[in-house]
6 protein chains.
Amino acid sequence: MTTHRFNQPLGGNEMPRFGGPVTMMRLPSQPTAEGLDACFVGIPMDIGTSNRPGTRLGPRQIRDESRMLRPYNMATGAAPFEHLQVADIGDVPINTFDLKKSVDIITEFYRGILAHDVIPLTLGGDHTLTWPILRAIKEKHGPVALIHVDAHADINDEMFGEKVAHGCPFRRAYEDGCLINDKVFQIGLRGTGYGPADFDWGRERGWRVVQAEECWHKSLTPLMAEIRAIIGDAPVYLTYDIDSLDPAFAPGTGTVEPGGLTIWQGLEIVRGAAGLNLVGCDLVEVSPPYDPSGNTALIGANLLYEMLCVLPGVGKGHAD
Amino acid sequence: MTTHRFNQPLGGNEMPRFGGPVTMMRLPSQPTAEGLDACFVGIPMDIGTSNRPGTRLGPRQIRDESRMLRPYNMATGAAPFEHLQVADIGDVPINTFDLKKSVDIITEFYRGILAHDVIPLTLGGDHTLTWPILRAIKEKHGPVALIHVDAHADINDEMFGEKVAHGCPFRRAYEDGCLINDKVFQIGLRGTGYGPADFDWGRERGWRVVQAEECWHKSLTPLMAEIRAIIGDAPVYLTYDIDSLDPAFAPGTGTVEPGGLTIWQGLEIVRGAAGLNLVGCDLVEVSPPYDPSGNTALIGANLLYEMLCVLPGVGKGHAD
Amino acid sequence: MTTHRFNQPLGGNEMPRFGGPVTMMRLPSQPTAEGLDACFVGIPMDIGTSNRPGTRLGPRQIRDESRMLRPYNMATGAAPFEHLQVADIGDVPINTFDLKKSVDIITEFYRGILAHDVIPLTLGGDHTLTWPILRAIKEKHGPVALIHVDAHADINDEMFGEKVAHGCPFRRAYEDGCLINDKVFQIGLRGTGYGPADFDWGRERGWRVVQAEECWHKSLTPLMAEIRAIIGDAPVYLTYDIDSLDPAFAPGTGTVEPGGLTIWQGLEIVRGAAGLNLVGCDLVEVSPPYDPSGNTALIGANLLYEMLCVLPGVGKGHAD
Amino acid sequence: MTTHRFNQPLGGNEMPRFGGPVTMMRLPSQPTAEGLDACFVGIPMDIGTSNRPGTRLGPRQIRDESRMLRPYNMATGAAPFEHLQVADIGDVPINTFDLKKSVDIITEFYRGILAHDVIPLTLGGDHTLTWPILRAIKEKHGPVALIHVDAHADINDEMFGEKVAHGCPFRRAYEDGCLINDKVFQIGLRGTGYGPADFDWGRERGWRVVQAEECWHKSLTPLMAEIRAIIGDAPVYLTYDIDSLDPAFAPGTGTVEPGGLTIWQGLEIVRGAAGLNLVGCDLVEVSPPYDPSGNTALIGANLLYEMLCVLPGVGKGHAD
Amino acid sequence: MTTHRFNQPLGGNEMPRFGGPVTMMRLPSQPTAEGLDACFVGIPMDIGTSNRPGTRLGPRQIRDESRMLRPYNMATGAAPFEHLQVADIGDVPINTFDLKKSVDIITEFYRGILAHDVIPLTLGGDHTLTWPILRAIKEKHGPVALIHVDAHADINDEMFGEKVAHGCPFRRAYEDGCLINDKVFQIGLRGTGYGPADFDWGRERGWRVVQAEECWHKSLTPLMAEIRAIIGDAPVYLTYDIDSLDPAFAPGTGTVEPGGLTIWQGLEIVRGAAGLNLVGCDLVEVSPPYDPSGNTALIGANLLYEMLCVLPGVGKGHAD
Amino acid sequence: MTTHRFNQPLGGNEMPRFGGPVTMMRLPSQPTAEGLDACFVGIPMDIGTSNRPGTRLGPRQIRDESRMLRPYNMATGAAPFEHLQVADIGDVPINTFDLKKSVDIITEFYRGILAHDVIPLTLGGDHTLTWPILRAIKEKHGPVALIHVDAHADINDEMFGEKVAHGCPFRRAYEDGCLINDKVFQIGLRGTGYGPADFDWGRERGWRVVQAEECWHKSLTPLMAEIRAIIGDAPVYLTYDIDSLDPAFAPGTGTVEPGGLTIWQGLEIVRGAAGLNLVGCDLVEVSPPYDPSGNTALIGANLLYEMLCVLPGVGKGHAD
């Protein structure tokens, strides 16, 4: 066996795919982000959801189904484990009985992560979690550009009178000054709402809203080129709600909206983020009870891997 | 809270989405169609099915999963509850032990509905039900144009020697003079059959048959423009068999045929019916036991909502 | 059709079992408890759960599966709808983003119910809900005897530092003086814990703890005779956690403990409460995503019906 | 390999259990009952069901899951394939669009079977089918004793105004003089009903009704001894509704009633029929969509095998 | 009923779709390929799989779900049963405890098949099986052109040190000289790997590798035209791994890779093989436990039917 | 927080139950058994199964569902983590493509474990694995007494001509002299077989076979007393096949036999092993795809915990 400079996923020729540790990609785990270039971290939370529950089990199932992932990206040639030190640092100990406290626990936890020079890739969990992450991101990087892939704008001022819920994170992040407003992109929005303001609120703040209907029947590679040009070298956060995908592709989620993105478009979006100055990523809203096959989690795991492949510093693989 | 002129769906800020009444969109229910512009009505029937059963539970699951639907259509701007009085009038009490009697019960029930000036939107139920509805429609409106979205032509003369079955409704409707034959459109047909006559019988009567293969890899918006031009201001009935969609999008149905329409095309078809003189609509063949996630029913609920959004008299929403 | 003095469940000869309203037993619904002797009410909540989620959907699935229930109890002869006016009054609008607020919403809602002379039968929802109900019960009836059927004692002082969670309701109820301590019975407790105090805390307060092992291989009819003798005519609250049953009988729940009660014992317990001065009952912790067949909810519906059958004033049916 | 005098199930050492023909026990199939002592026959019907559908797929899944059955009965020593010629003769071609016609098709089909000197073991299908079988049985054997294992009495005069439905077969069989009334046993009845007559109607005709509650917590071997004594050498038909079992044991059925028989009792009942003059047996109401694991069908297959093991003429196995 | 020259699938007007024999398309079965032009044969094997198991049950579920297939291809006009004698010859009795022995059993079994002038259509089973089939094919036809539709190249030299596994068949077939290297096409490859060699190894041998990304957003009809031109009249083997399809279309498989082909492309590929000199086909890797709805198997059944429709000698149907 | 002398399971007040490491009981993991008194180890294998597959995923799901287990046994008072150092040492890297090699890998792996003074508790995996474990056990402890809980005797000489399969381990162990024949107990055997020898072969060697029928309707506590008296202080191995339980309790397994043990009996058996000189234990045949709820694995996890609680040296907990 070759000696590697960096952590490697446990390979299928050393342990059957269905054995071995249940960490992301069967990577080594460690308790903190120390010494890492990138880390996978789970937030097992669903108390911010407004319809079907279950995302609390998302990180577990994503890790489980990530077992098939091999180190090399056949489409792009990226070989992340030849360029970055990566590990799985486990889960954030949220308080499942108090959403507001959990939000603060998350911010504090990410402060701890970001004390190291590391890029966190988060396994959700419901979308409430992006707000507290962005608060910690801002403390380190200042306001960021945002690529937000989702069926919903998540910019409600309140849900049921509450400021903290999975439909509100980007309103809160805006209020907290976490975002560079002319570099915010919301892709895949659709469905029903309470009125045009659901999408226009962001537009009025300078955000670019790409409704799902604009994406139908075509490649999103041109859109991503445009987005890259606008973002330039600003720090970028990528937040990917699995419900951006049409439920044909990702049935295991809680607030399903038909007419969504395809998985091909999803891959184009993430791959289209290559070259950007990514400072953090998340993949949220996988709800295992609604897809017992595990395929939704498996797709989530693949998208997280694709995010890893486009982080700054990741290059092609060497000849094998 | 604003006072509304018309019935409104119970909102998620008044009752969590997973609570409240199990009516279509959590609308008020009432026993008759009196005073309504449009009504949702269920026909819990599967004794007309020839392969997998389960559509008897379709109306229940469609109503259950409709709970996420909000009043405003983000894509089209339609705001049906600002323009129409809508309610859920419950289910038709079919005789589940006798298909032939059920067919007459349905016609009689729709006569009762159509005694009011109302457009019925039907939650199926197997496709047998469209024939008895069309009989009642004809009594009020005369022969109608038909937009029939389906994997199957449903024009068998007989199945197993029977005239009443879910593969025969449009043969029967033709015989009963319910249709304007040069304004009949069958979209999404495909799969295997007993011979070319399965699709050509309709063509020979002047119907336009758009096989699924003609739809692959493209938008159906142009097709709908063409259809609108041909139909003009004739009264139109829209019947949507969920199995028209490829099973990737709608796995929970009984007579599955691969190679079907996409959900994007499905939405284009229904939205493309805007401006027509719709006098009735149905969504049939959702079989809950074959999709425990509920997503097929949820898609059915969305399509029914989209039908509501294109009814005559539905306009845009006012500023919120 | 006979004219009935009281509300009747919609019968299978008037509407197929799979049609009709999705209320408990297909009873009429009404917005308040006014004029009722007993009412069914749902609390769609799971944010108090510590392991698997899903009980937020419990009331919906219990109502759905209650559709098979006919009015007469073949085993006991009870005919509740000949003696009581019963209806389904819908769901409590809990705040799904804040457990502590929800607890107060529930108490307030039950104050409203108990302003009428009615016995509430609650469809849960996670077990956190029993505490706020007991607070309202105490305001009307003073402290009550308690029959608590469960796998867990639910007397934790805190969970994750919180006082409100589904493992704490009876500690809170004790502190609030809701219970007559020498008339508290916990039946079916078992599994793993943090130490003997998990069960002994109650014993030290005078409660009778019947561990599951004491119940194995025998009828619980004698136990219930003993319990009735001790309770006498004190007001009694019956709280039934579906996880008291072994998971063979009730797989669809969140904190599963093997080695539990049988359904025969479960029925003996509820039927054994006949003659007591019941002032309220609940059935909690049904989690639909963990039993897509619906059978756990169906069993929950049956147990709720059996509770109705033992309420004060319910007698045998008249000759038919 | 030994040469056998009779058909043998295909063994696991000749073809993996998950391969080979999908016949009952992987026995040879033949188109008629000619030359057989016993035959398995399917009736793929569910249009007589009043709640959940799916029994139309029962025969297919029972056959599929019967693949694990080996020839020798370890508990009783019975070796049916050393004493009887047995085959699977396929399915009755019912008319799935007309229940009343199907009933006549079944009777006619069984006349054909009974033209041979053979005992039919029927794989259902909904319970409606027992009536038309009993009509054919009567033509050959005269009225018969009946062992009827079920959650329901199935003696409704009508359901929804219909005489033919899965809740009526024994009323019809009684009217047609198919039964020896003082030798009719209904075991396992329970649940809710419309009044005491649901169980008393049979009692008034001399039938013995053993409610489920009488069976709880004990062996049914003594009951079967009593039944055998009463029946003596009269011809007997055994009809086994899988819903007689508690849903813990048989979740995959349509009209579930908690508090049922155990599988141990179920086996005691069938094994307790040894020595009787059985002339026919059926196993009905397995609904595959409600148990995707296949276990309910597997239990049904085992019960059918146990029925085969108690047919007249079946003895012990010879030394191997 | 018309007399047919060839075997016909049992029609839905003679036996309900959910009854009848569980053979492919409800065709007659026979023990050998004698007298047949084409035969369906199952290989119930999953011991070559490296991730999720279950393909051992593939042939059973494919046959079960093939029951809806009617004889005539509505899209292409092909009427295979008017031109070919076809039957189902059952399963290969693999040794499920020894993969290496199974491989030899398969080759020997196909030698037996190919002793007749017949084209085998194989129901898998894991992809290991294509190698032993190709060995037998080569003995009869010499090296063949290959159309290989898959998510994976399956050209590993070893897996876990083994030469026989479902990731190695085409490496082995290459080594055994089974392939015409300039007429090998691999379509749909994608996902992660150990390095570029995973796809380049074939390219270095002259194979054409069409990665999934090349297929996105377009029709594959032009590709197939190109392939037909290159292959000319060489004998061709078509091997179709269901995981070539995106998991949205075929969730029930074991080594899932997002971003795959659509079912429309899948149909275009198979239909695009019309006119080629096909000498054998297989459809592999359907894993029933991962799609309890049966839809993946149903799609597999349809693809096998489409393969039958493009075999040499199959023409259009005659007027009915 | 208290400082503990030994490893402790991660508690629910430090990390929500649905977060944290996926090790057995969320214990620390370590690569070898060094320094441990007992260890959990997984064998992810199903290539020895003869019917349904899936046990390869058993260890993963058992670990996942073990997350609810708390340290103290409420029924017995055992507090294993106050007396033993326990960890999860991961999985045996079996060769999933070669069963015979896997058997040797297992023996070699357990030699490594047993080089330490530790008791292994194995998470299966199919039952083939007990033979290679017993070979390693014998090398250290000599022949052992055996408590074998199962639906099947697993003493076939061959399956499909093979000596290594999940139906053969105890024949092999016998031949290898691993067992003290007058101290072998097989409990729960039942179902169908090829002849009486299936159970009598063991009896002829002095083994005690307790067929399931002997266990029906009663406690097994007396049986265990008897077994303890016979075994005395001989070293004992406990092997628990989850299919010993009736499928009502453990649906998720591959070779289901109705009429099995209850979970109460299962717990009595394991708890009845307290005081014996246990040198190893396993829990095998959990097949996750056949119980998506996870309950079968959860029961397996509980039984493994109960085994831990009866290991030599485990005492009661101290006052908390």
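Chain A goes by Agmatinase in an unreviewed UniProt entry, where it is assigned to Georhizobium profundi. We quote the UniProt Sequence similarities (unreviewed entry) comment for chain A here in full: "Belongs to the arginase family. Agmatinase subfamily."

**Student:** What am I meant to see in the overall build of chain A here?
**Tutor:** Scanning chain A from terminus to terminus reveals 9 helices and 10 strands. In summary, chain A has a C-alpha radius of gyration of 18 Å against a globular reference of 20 Å for 320 residues, a match within 12%. Overall size of chain A, expressed as C-alpha extent along the three principal axes, is 60 × 45 × 40 Å. Evaluated residue by residue, chain A yields a buried proportion of 72% over its 320 residues. Once local pairs closer than 6 in sequence are excluded, the contacts in chain A between residues at least 24 apart make up 77%. In the form shown here, chain A has an accessible surface area of approximately 8500 Å², with 51% of it arising from carbon and sulfur atoms.

**Student:** Just checking my understanding: could you explain the packing of aromatic side chains for this structure?
**Tutor:** Think of a pair of aromatic rings as described by two things: how far the centres are apart, and how the planes are tilted against each other in angle. Residue and element names in this part refer to chain B. Under the definition given, this model contains 30 aromatic pairs over all chains. The interplanar angle of 85 degrees and the centroid separation of 5.0 Å between the aromatic rings of tyrosine 174 and tryptophan 201 together place this pair among those described as edge-to-face. Of this pair, tyrosine 174 sits in helix α4 (residues 169–175) while tryptophan 201 sits in helix α5 (residues 197–204), and the two are 27 residues apart along the sequence. Owing to a relative accessible area of 28%, tyrosine 174 belongs among the partly exposed residues under this scheme. In this structure tryptophan 201 comes out as buried when scored by relative accessible area, which is 10%.

**Student:** It is not clear to me how the environment of C:Asn295 should be interpreted in this structure. Could you clarify?
**Tutor:** Turning to its location among the elements, C:Asn295 is positioned in helix α9 (residues 295–309). Assessed through its relative accessible area of 4%, C:Asn295 is described here as buried. It is 26 Å that separates the C-alpha atoms of C:Asn295 and C:Thr96, two residues lying 199 residues apart in sequence. Among residues more than four places away in sequence, those in contact with C:Asn295 are D:Arg52, D:Pro247, D:Pro251 and D:Val256. Within polar-contact distance, the side chain of C:Asn295 engages the backbone oxygen of D:Pro251 at 3.2 Å.

**Student:** Could you clarify how one ought to interpret the packing of helix α8 (residues 263–271) of chain C against α9(C) in this entry?
**Tutor:** Two numbers describe a pair of packed helices, the interaxial angle and the distance between the axes. All names here are of chain C. Interhelical geometry of α8 versus α9 gives an angle of 25 degrees and a closest axis separation of 9 Å. When the axes of α8 and α9 are compared, the pair comes out roughly parallel. Every pair of crossing elements has a handedness; the one defined by α8 and α9 is right-handed. From α8, Ile263, Gly266, Leu267, Val270 and Arg271 reach across to α9, where they touch Ile299, Leu303, Glu306 and Met307.

**Student:** What am I meant to see in the pairing of strand β6 (residues 179–189) of chain E here?
**Tutor:** If a strand is regular, its side chains alternate between the two faces of the sheet. All names here are of chain E. Among the 11 residues of β6, 8 are classified as buried, and the element is accordingly described as predominantly covered. Examined bridge by bridge, strand β5 (residues 144–149) and β6 share 5 bridges and lie parallel to one another. Within β6, the position partnered with valine 144 by the bridge is leucine 179. Crossover connection from β5 via helix α4 (residues 169–175) to parallel β6: handedness right-handed. Strand direction decides the pairing type here: β6 and strand β8 (residues 208–211), joined by 4 bridges, are parallel. Of the residues in β8, the one forming a bridge with leucine 189 is glutamine 211.

**Student:** Even after reading the chapter, I still don't get the relation of the copies chain A and chain B, so can you show me in this structure?
**Tutor:** Between the two copies of the chain lies a relationship made up of a rotation around an axis and a movement along it. With an RMSD of 0.0 Å, the fit of chain A onto chain B corresponds to turning through 120 degrees and sliding 0.0 Å along the axis. In the structure described here, the two chain copies are related by an operation that fits a three-fold rotation axis. By C-alpha distance to the rotation axis, the residue of chain A lying nearest is A:Ala248, at 3.1 Å. An overlap of only 6% is found between the interface residues of chain A and their copies at the interface of chain B, pointing to separate contact surfaces.

**Student:** Help me out: how do you make sense of the interface of chain A and chain B in this one?
**Tutor:** By a frequent convention, interface size equals the accessible area lost on bringing the separate parts together. Contacts between the two partners involve 33 residues from chain A and, on the opposite side, 36 residues from chain B. Summed over both sides, the interface of chain A with chain B buries roughly 2900 Å², with 59% coming from carbon and sulfur. Broken down residue by residue, the surface that chain A buries against chain B is led by A:Phe160, A:Thr192 and A:Tyr194, which jointly contribute 24%. One can count 3 salt bridges joining chain A with chain B. A:Glu213 is the partner of B:Arg271 in a salt bridge, and the nearest nitrogen-oxygen pair spans 2.9 Å. At the boundary of chain A and chain B, one finds 16 residue pairs in polar contact (both at pLDDT 80 or more). For the side of chain A that touches chain B, the elements supplying multiple residues, two or more each, are β7 (192–193) and α5 (197–204) of chain A. Partitioned by chemical class, the residues of the side of chain A that touches chain B number 13 nonpolar, 13 polar and 7 charged. Where β7(A) meets strand β2 (residues 72–73) of chain B, 2 bridges bridge the pair, whose relative direction is antiparallel. Within β2(B), the position partnered with A:Thr192 by the bridge is B:Asn73.

**Student:** Help me out: how do you make sense of the relation of the copies chain E and chain D in this one?
**Tutor:** Of the two same-sequence chains, chain E is brought onto chain D (RMSD 0.0 Å, axial shift 0.0 Å) by a rotation of 180 degrees. Accordingly, the operation relating the two chain copies is best matched by a two-fold axis. Residue by residue, 100% of the interface of chain E is reproduced at the interface of chain D, so both copies engage with the same surface.

**Student:** In this structure, what is going on with the sheet that holds strand β9 (residues 235–241) of chain C? I would like to understand it.
**Tutor:** In sheet architecture, strand pairing relies on hydrogen bonds along the backbone and comes in two forms, parallel and antiparallel. Residues and elements named next belong to chain C. With respect to topology, 8 strands assemble into an open sheet ordered β3-β1-β4-β10-β9-β5-β6-β8, the strand pairing being parallel. One side of each edge strand has no neighbouring strand; the edge strands of this open sheet are β3 (86–91) and β8 (208–211). Strand after strand, the sheet turns through a mean of 15 degrees between neighbouring axes, direction not considered. Sheet contacts for helix α7 (residues 221–231): β5 (144–149), β6 (179–189), β8 and β9; angle to β6, the most-contacted strand, approximately 170 degrees. Of the strands in this sheet, β1 (38–43), β3, β4 (119–124), β9 and β10 (277–284) touch α9, which is tilted by about 175 degrees from β10.

**Student:** Before we go on, may I ask you to explain the interface of chain E and chain D in this structure?
**Tutor:** Taken together, the contact between chain E and chain D spans 22 residues of the former and 22 residues of the latter. Overall, the association of chain E and chain D removes approximately 1800 Å² of surface from exposure, summing both partners, and the carbon and sulfur fraction of that is 61%. Counting across the interface, chain E meets chain D through 2 salt bridges. Between D:Arg60 and E:Asp64 there is a salt bridge, with the nearest N and O atoms lying 2.6 Å from each other. Applying the counting rule to chain E against chain D returns 12 residue pairs in polar contact (both at pLDDT 80 or more).

**Student:** Is there a simple way to explain the UniProt feature "binding site: Mn(2+)" (unreviewed entry) in chain A in this structure?
**Tutor:** Residue and element names in this part refer to chain A. As recorded in UniProt, the feature "binding site: Mn(2+)" (unreviewed entry) lies at His127, Asp150, His152, Asp154, Asp241 and Asp243. Of the residues just listed, which span 117 residues, no C-alpha pair is farther apart than 12.1 Å, and they cluster in one region. Secondary-structure assignment places histidine 152 in the loop between β5 (144–149) and α4 (169–175). Polar side-chain contacts of histidine 152 include one of 3.3 Å to the side chain of aspartate 243. Not counting residues up to four positions away in its chain, the partners in contact with aspartate 241 are His127, Val149, Asp150, Asp154, Val284 and Glu285.

**Student:** What exactly am I supposed to notice about the arrangement of the chains here?
**Tutor:** At no point do chain C and chain E touch; the closest pair of C-alpha atoms across them sits 12 Å apart. The two units chain B and chain F never meet; even their closest C-alpha atoms stay 12 Å apart.

**Student:** Could you clarify how one ought to interpret the environment of F:Asp37 in this entry?
**Tutor:** Residues and elements named next belong to chain F. Tracing the backbone through its elements, the reader meets aspartate 37 in the segment before β1 (38–43). Its relative accessible area of 31% is what places aspartate 37 among the partly exposed residues. Taking C-alpha positions, aspartate 37 is 21 Å from isoleucine 62, a pair spaced 25 residues apart along the chain. The contacts of aspartate 37, once residues within four sequence positions are left out, are Phe6, His83, Leu84, Gln85, Asp117, Val118 and Ile119. A polar atom in the side chain of aspartate 37 sits 2.6 Å from the backbone nitrogen of glutamine 85.

**Student:** How should I be thinking about helix α9 (residues 295–309) of chain F in this particular structure?
**Tutor:** Owing to its 3.6 residues per turn, the α-helix brings residues three or four apart onto one side. Between its terminal C-alpha atoms α9(F) stretches 21 Å, which fits the 21 Å expected from 15 residues at 1.5 Å a residue. A large share of α9(F) lies buried, amounting to 15 of its 15 residues.

**Student:** How do you make sense of the pattern of salt bridges when you look at a structure like this?
**Tutor:** When charged atoms on two side chains of opposite charge get close, those side chains can pair. Taken as a whole and assessed by the stated rule, the structure comprises 132 salt bridges over all chains. The residue A:Arg271 makes a salt bridge to A:Glu306 at a minimum N-O spacing of 2.9 Å. Here A:Glu306 lies in helix α9 (residues 295–309) and A:Arg271 lies in helix α8 (residues 263–271), a separation of 35 residues in the sequence. Accessibility classification places A:Arg271 together with A:Glu306 in one group, the buried group. Its salt-bridge partner being B:Arg205, residue B:Glu204 comes within 3.7 Å of it at the nearest N-O pair.

**Student:** Just checking my understanding: could you explain unusual backbone geometry for this structure?
**Tutor:** Glycine aside, negative phi is the norm for most residues, and most peptide bonds take the trans geometry. A cis amide bond, omega 0 degrees, links B:Gly124 with the succeeding residue B:Gly125. You can see B:Gly125 is positioned in the loop between β4 (119–123) and α3 (130–141). Even without being a glycine, A:Arg26 presents a positive backbone phi close to 55 degrees. With respect to the helices and strands, A:Arg26 occurs in the segment before β1 (38–43).

Rules used throughout
Residues numbered from 1 in each chain as written. Chains lettered and ligands numbered in written order. Predicted model: local features only at pLDDT ≥ 70, side-chain atom pairs only at ≥ 80, totals over all residues. Heavy atoms only, no water. UniProt positions renumbered as here; feature names shortened; annotations may be inferred. Helix = DSSP H or I, 4+ residues; strand = E, 2+ residues; numbered from the N terminus. Rg over C-alpha atoms; globule rule 2.2 N^0.38 Å. Buried < 20%, exposed > 50% of the residue type's maximum accessible area, 1.4 Å probe, protein only. Contact = heavy atoms within 4.5 Å. Areas by Shrake-Rupley, 256 points an atom, 1.4 Å probe, with all protein chains shown as cover. Phe/Tyr/Trp six-rings, centres within 6.5 Å; stacked < 30°, edge-to-face > 60°. Polar contact = N/O pair within 3.5 Å; in protein donor to acceptor, adjacent residues only side chain to side chain. Axes fitted to C-alpha atoms, helices over the stretch in contact; angles between N-to-C directions. Parallel < 35°, antiparallel > 145°, perpendicular 65-115°, else oblique. Left-handed = near helix turned anticlockwise from the far one by under 90°. Pairing = 2+ DSSP bridges. Right-handed = clockwise from strand over helix to strand, strands pointing away. Least-squares fit on C-alpha atoms with pLDDT ≥ 70 in both. Buried area = accessible area lost by both parts, 1.4 Å probe. Salt bridge = Lys/Arg side-chain N within 4 Å of Asp/Glu carboxyl O. Nonpolar A, V, L, I, M, F, W, Y, C, P; charged D, E, K, R; others polar. Expected span 1.5 Å × (residues − 1).

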